[in-house]
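Coordinate analysis (summary)
Chain by chain, the residues run as shown.
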Amino acid sequence: MPNGKSGIKLPANIIESMSQPLPQDSIEDQILQSDQLSMEDASFCLRSACIAYEPEIGPHLKNVSNYAAALARKIDLDPHQIDLLWHGAALHDIGKLGIPQELIRKESSLSPDEMQLMQSHTVIGHNILNTGTSEFLKVAAEIALSHHESWDGTGYPNQIKGNAIPLTARIVAIVDVYDALRSKRRYKPAWGKKEALQEMTDLRGQKFDPELLDLFLTDIPA
Ligand SMILES: [Fe+2]
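**Some remarks on the overall build of the chain**
- Helix and strand counts for the chain come out as 12 helices and zero strands.
- Reading the helices (α) and strands (β) of the chain from amino to carboxyl end gives α-α-α-α-α-α-α-α-α-α-α-α.
- For the chain, buried positions account for 28% of its 222 residues.
- Within the chain, contacts between residues at least 6 apart in sequence are counted, and of these 62% link residues at least 24 apart.

Printed below as a string of structure tokens:
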């Protein structure tokens, strides 16, 4: 039938294109438009993937989200940005999905080559998350890429320093290390609060943004 049900006469090239199967991109676009994934759904699905790969990491991801949001409130970050941070912070180590499990589960110290491979979780995580256009994925991707950068420029993967490191990543850098110190891991026992605080203070201005660290330390989580 050359015309649509409405009776409108369609140009021949349109009629021809309508008879062809839709390109895959068009089908995906239609699905996205009809049932867009919410930030909450996306973040919880991705978080579940991280936990499926490394089951014991669940409480750490939850703590990092909560501590990051608490620190962000102290600097009066916009509530929407805090929401993005809360969801994005939990995905800081999603790049470990690209690291062999035997390396993640290794209890002894890593060789230089193994260390280099492990450190690539930052770039892998960024590549996983930097695939969309949503604000949430952009924030999550910057956290994944830069949460191991150091205030003095000695971190990885890009050795950026100071305020060149995204604020979200500077926040996550602090709370990630604090919670990791306080948690039992395969290769270490949980540190006491006093020891952990001393370690954090020793790294002030070296690894951590000094002003953010001071704020974090003013009302440290139990
Ligand atoms: Fe990490």
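**Here we look at unusual backbone geometry**
- Note the cis peptide between Tyr156 and Pro157, where omega equals 10°.
- Looking at where Pro157 falls in the secondary structure, it is placed in the loop between helix H9 (135-146) and helix H10 (167-182).
- The backbone phi angle of Asp76 is positive, close to 55°, even though this residue is not glycine.
- Backbone geometry places Gln159, a non-glycine residue, at a positive phi of 50°.
- On the basis of neighbour count, Gln159 is assigned to the exposed category, with 12 C-beta atoms found within 10 Å.

**Overview of helix H5 (residues 79-89)**
- Listing the buried residues of H5 in full gives Leu84, Leu85, His87, Gly88 and Ala89.
- Against the buried residues of H5 lie helix H3 (39-53), helix H4 (58-74), H9 and H10.

**Examining the packing of helix H8 (residues 121-129) against H9**
- Orientation of H8 relative to H9, taken along the N-to-C sense of each, is 170°, at an axis distance of 7 Å. By the angle between their directions, the pair H8 and H9 is classed as roughly antiparallel. Of the residues in H9, those touching H8 at Thr122, Val123, Gly125, His126 and Leu129 are Leu137, Ala140, Ala141, Ala144 and Leu145.
- Residue classes in the contact of H8 with H9 are distributed as seven nonpolar, three polar and no charged.

**Concerning the confidence of the model for the chain**
- On average, the chain scores 88 in pLDDT, and the residues at 70 or more come to 83%.
- Across residues 1-8, confidence stays below pLDDT 50; counting only partners more than four residues off in sequence or on other chains, it has six contacts.

**Remarks on the nonpolar core**
- Among the nonpolar cores identified, the biggest contains 36 residues, and Ala68, Leu71, Ala140, Ile171, Val172, Ile174 and Val175 are the most heavily contacted of them.
- Among the elements of the structure, H3, H4, H5, H9, H10 and helix H12 (210-218) are those that each provide at least two residues to this core.
- Looking at this core, the element that brings in the most residues is H9, giving eight residues.
- In this structure Ala68 touches Leu85, Trp86, Ala89, Ile171, Val172 and Val175, once residues within four positions along its chain are discounted.

**Considering H9**
- For H9, spanning 12 residues, the distance from its first C-alpha to its last is 17 Å, which sits close to the expected 16 Å at 1.5 Å a residue.
- With 10 of 12 residues buried, H9 is to be regarded as a mostly interior element.
- Contact partners of the buried residues in H9: H3, H5, H8 and H10.

**Remarks on the environment of Pro157**
- Its 15 C-beta neighbours within 10 Å are what place Pro157 among the partly exposed residues.
- C-alpha of Pro157 to C-alpha of Ser146: the two residues are 11 residues apart in sequence and 7.3 Å apart in space.
- Leaving out residues up to four positions away in the same chain, Pro157 has contacts with Gln119, Thr122 and Val123.

**Side note on the environment of Thr131**
- Here Thr131 lies in the loop between H8 and H9.
- Judged by local crowding, Thr131 falls into the exposed class, with 9 C-beta atoms found within 10 Å.
- Between the C-alpha atom of Thr131 and that of Ala141, which follows or precedes it by 10 residues, the distance is 9.0 Å.

**A look at the packing of H4 against H5**
- The geometry of H4 relative to H5 is characterised by a closest axis approach of 8 Å and an angle of 155° between their N-to-C directions. Put simply, H4 runs roughly antiparallel to H5. Regarding H4 and H5, the two cross each other, and that crossing is right-handed. Taking contact as the criterion, the partners of Val64, Ser65, Ala68, Ala69, Ala72 and Arg73 in H4 are, on H5, Ile82, Leu85, Trp86 and Ala89.

Cut-offs used in this document
- Residues numbered from 1 in each chain as written.
- Predicted model: local features only at pLDDT ≥ 70, side-chain atom pairs only at ≥ 80, totals over all residues.
- Helix = DSSP H or I, 4+ residues; strand = E, 2+ residues; numbered from the N terminus.
- Buried ≥ 20, exposed ≤ 12 C-beta atoms within 10 Å, placed from the backbone.
- Contact = placed C-beta atoms within 7 Å.
- Axes fitted to C-alpha atoms, helices over the stretch in contact; angles between N-to-C directions.
- Parallel < 35°, antiparallel > 145°, perpendicular 65-115°, else oblique.
- Nonpolar A, V, L, I, M, F, W, Y, C, P; charged D, E, K, R; others polar.
- pLDDT = per-residue confidence, 0-100.
- Core = buried A, V, L, I, M, F, W, Y, C linked by C-beta atoms within 7 Å.
- Expected span 1.5 Å × (residues − 1).
- Left-handed = near helix turned anticlockwise from the far one by under 90°.

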